[in-house]
Structures are given as C-alpha cells and as structure tokens.
Amino acid sequence: MLLEKNLEKNTVSDVHMANGSVRFQSVHLNVYSFVTDGIVIDAGAVSLKKLFLDFWQEQPVDALYCTHIHEDHTGCADWFHQQLNVPVYLNETSIKEALKDGRYPLYRKLFWGTRKAFQPSPLPERFQSRHSDWVSLFTPGHSADHTAFLNQTTGQLFSGDLYVQTKTKVIMESESIPEIIDSLEHLLTYNFTEVFCSHAGYLPNGRQHLHDKLDYLRQIDTDVWHFHQQGLTVNEIQQRLFPRKYPIITLSNGQWDSQHIITSILKK
Ligand SMILES: [Zn+2]
C-alpha cells in the first residue's frame, strides 16, 4: 500500500508533542500525541506505531490518558499497558469496546491500522501528575465518550478532537453539531489560554480558536434552520452552505460528509 508516513517532534511550554501523519493519494491525515509532566495524552495510531514508540521512549511516562476511543487516539494503548506497565485511562462508556480489537470501516483501517484490544481504567474526574492538578472534562459531540483534559496548574487544555479546525465542513455520521456546541460552551467556562489539539497541534491562543469555532457553528445552526423553515431539503441546504465535494467524502464512501452537519442539527 502506498502510504507515506511521517512524524515530527517539537516541545513547547513543557509539552512534548509528536505529530504523526499518513498520506494516501490526495488525502492527508495527521494525529498528535502529547507528553507532559509524566503523562501521555493519546496513543497515536497502529500504522504509525514505530515512529511514535521512539517518541514515547524518550519520555518518563507514569500514565496514559485517552481523549476518546477512536483508533488514531488509542492505536498503541495496548503497548502502554503491556510494555510500559502503566495505567491507561479512557471514558467509562467506551471500556467495553476497548476490550475488543477495533472494528471500523476499511478506509480507516487503511490510514490508521487496526487497534488491538486493551484494558483501560475509567477516567477519574480529577487526577495528579508529578507537579500538576488535572480535571477531566466530558465533552461529547465528536464522539459519545469524548473527554478533554485541563491542567489546572498550568492552564493548558488538551482538547482532543473537539476543535480540529474553526470552520468545520465535513463530519462523521456519528458526530453531533448541537452536542459539540454545548461542549464548547462548557469548556469555555474554565480558565485556560493555551490549547493542544490532537489534529491542529499547539494553539497559543486556543481559547480564541474555540470561541471562533463556537461562533461559526452557531451561525451554521441558524442558517440550517432558516433554510429548513423555507422548505429546502437537506441536499438543497448542503448546496447552499457546503457546495464543495471534499476528497474524504468519496474515500470514506459518505461516512464523512457535509450532509451530516445538517442532519445532526435538524435532529435536535
Ligand atoms: Zn476522533
């Protein structure tokens, strides 16, 4: 398979970051893993395991915290448990799923490989690392188990996949825009400025990015209801708001689509 793989490392504000990426034809996907103060946030993907292992082995690791069960965040979780013998944490709702090897569509296996079964413990609401106090913030919408982690000592937020980009144009069928709006509102009640996003990386003024995304999604929500009340169908609304056909839509056979943004809003 002609997959191009790469990993870039960087350290900012005492957070060690590794950005793994996979390219196949015109589709380029990436995912970060972060290590700070002895804890790892997110466990990369199986397809990038060799590259990520070099990074994790350079760091002291006391525990792994996963923001959600998607295979680009839990791909190497079994390694932390089996090889490093450190605790692995995941939102309680996904633990049953984690105990089995990952099952998901072919295009996702192509990019990320197949996640092996692992044995996580339920995420604590609060926890400590060597020098910091942390809080787990349940923030569903991207996935039903999504949890962000706030280092309350440093004011750094690890936002998992809640942000990714400001102007979201395509989402997965399982995502919910109204829930993402609620989760962004909830996060913004906490104190933080720097944000570490699992796909966009380090955002020095991440708080502003989250505000901008919230404004954008609220506007989309208003527009969708406006067109709906005018009698436009989902397809017609899509033509107005998201006319571009992105490569991931074809590659994922519609699992990713702008249409899901509209249907998730109208479901509420
Ligand atoms: Zn995800």
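Residues numbered from 1 in each chain as written. Predicted model: local features only at pLDDT ≥ 70, side-chain atom pairs only at ≥ 80, totals over all residues.

Before going further, it helps to examine the overall build of the protein chain. Helices and strands together make up the secondary structure of the protein chain, namely 10 helices and 15 strands. Its C-alpha atoms give the protein chain a radius of gyration of 18 Å, within 12% of the compact-globule value 18 Å for 268 residues. Its C-alpha atoms put the protein chain at 55 × 45 × 35 Å along the principal axes. Classification of the 268 residues of the protein chain by burial places 39% in the buried group. Long-range pairs, those at least 24 residues apart, make up 62% of the contacts in the protein chain between residues at least 6 apart in sequence. (Helix = DSSP H or I, 4+ residues; strand = E, 2+ residues; numbered from the N terminus. Rg over C-alpha atoms; globule rule 2.2 N^0.38 Å. Buried ≥ 20, exposed ≤ 12 C-beta atoms within 10 Å, placed from the backbone. Contact = placed C-beta atoms within 7 Å.)

Let us look at the environment of Arg108. Looking at the secondary structure, you find Arg108 in helix H5 (residues 106-112). Spatially, the C-alpha atoms of Arg108 and Val15 are 28 Å apart, while their sequence positions differ by 93 residues.

The next point concerns the sheet that holds strand S3 (residues 27-36). Read across the sheet, 7 strands follow the order S1-S2-S3-S4-S5-S6-S7 without closing on themselves; strand pairing throughout is mixed. Single-partner strands in this sheet number two, and they are strand S1 (4-12) and strand S7 (121-122). Pairing between strand S2 (residues 15-24) and S3: 9 bridges, direction antiparallel. Looking across to S3, one finds that His16 is bridged to Val35. Most of the contacts of helix H1 (residues 49-57) go to S1, to which it runs at about 20 degrees, and overall it touches S1, S2, S3 and strand S4 (39-41). (Pairing = 2+ DSSP bridges. Axes fitted to C-alpha atoms, helices over the stretch in contact; angles between N-to-C directions.)

So, about the pairing of S1. By the criterion of burial, S1 is predominantly exposed, with just 0 of the 9 residues buried. Two strands pair when backbone bridges link them, and S1 and S2 are joined in this way by 9 bridges, in the antiparallel orientation. The residue of S2 that forms the bridge with Lys5 is Val22. Turn length for the S1-S2 hairpin, with the two strands adjacent in sequence and antiparallel, is 2 residues, and the turn residue Ser13 shows positive phi of about 50 degrees.

Moving on: the environment of Arg218. For Arg218, the location among the structural elements is in helix H7 (residues 206-229). Arg218 gets classed as partly exposed once you count the C-beta atoms within 10 Å, which come to 14. The spatial distance from the C-alpha of Arg218 to the C-alpha of His142 is 16 Å, given a sequence separation of 76 residues.

Turning to helix H3 (residues 77-84), its buried residues are Ala77, Trp79 and Phe80. Relative to the axis of H3, the buried residues are bounded by an arc of 165 degrees and lie together on one face. Structural note: H3 exposes Gln82 and Gln83 on the side pointing more than 90 degrees away from its buried face. On its buried face, H3 sits against strand S5 (63-65), helix H2 (71-74) and strand S6 (88-90). (Arc of directions from axis to C-beta.)

With that out of the way, let us pick up the sheet that holds strand S10 (residues 147-151). The 6 strands are arranged S8-S9-S10-S11-S13-S14 in an open sheet whose pairing can be described as mixed. Edge positions in the open sheet fall to strand S8 (126-128) and strand S14 (201-203), since each of these has one partner strand only. In this sheet, neighbouring strand axes are inclined to one another by 25 degrees on average, regardless of whether the strands run parallel or antiparallel. Bridging between S8 and strand S9 (residues 133-138) involves 3 bridges; their strand directions are antiparallel. Its bridge partner lying in S9, Arg126 is registered against Val135.

Turning our eyes to something else, we now look at the packing of H7 against helix H8 (residues 234-241). The geometry of H7 relative to H8 is characterised by a closest axis approach of 10 Å and an angle of 135 degrees between their N-to-C directions. One way to sum up the angle between H7 and H8 is to call them oblique. Taken as a pair, H7 and H8 cross one another with a handedness that is right-handed. Here Ile220, Asp223, Val224, Phe227 and His228 of H7 lie close against H8, whose contacting residues are Ile237, Arg240 and Leu241. Partitioning the contact of H7 with H8 into residue classes produces 5 nonpolar, 1 polar and 2 charged. (Parallel < 35°, antiparallel > 145°, perpendicular 65-115°, else oblique. Left-handed = near helix turned anticlockwise from the far one by under 90°. Nonpolar A, V, L, I, M, F, W, Y, C, P; charged D, E, K, R; others polar.)

This next bit is on the pairing of S9. The turn linking S8 back onto S9 is made up of 4 residues. Relative to S10, S9 runs antiparallel, the two sharing 5 bridges. Note that in S10 the partner of Val135 across the bridge is Leu150.

Moving on, we get to the packing of H8 against helix H10 (residues 259-266). H10 packs onto H8 with a crossing angle of 125 degrees between their chain directions and a minimal axis gap of 9 Å. As judged from the angle between their axes, H8 and H10 are oblique. Along this stretch, H8 crosses H10, giving a crossing that reads as right-handed. On the side of H8, the interface is formed by Val234, Ile237 and Gln238, while H10 contributes Gln259, Ile262 and Thr263. Of the residues belonging to the contact of H8 with H10, the class tally is 3 nonpolar, 3 polar and no charged.

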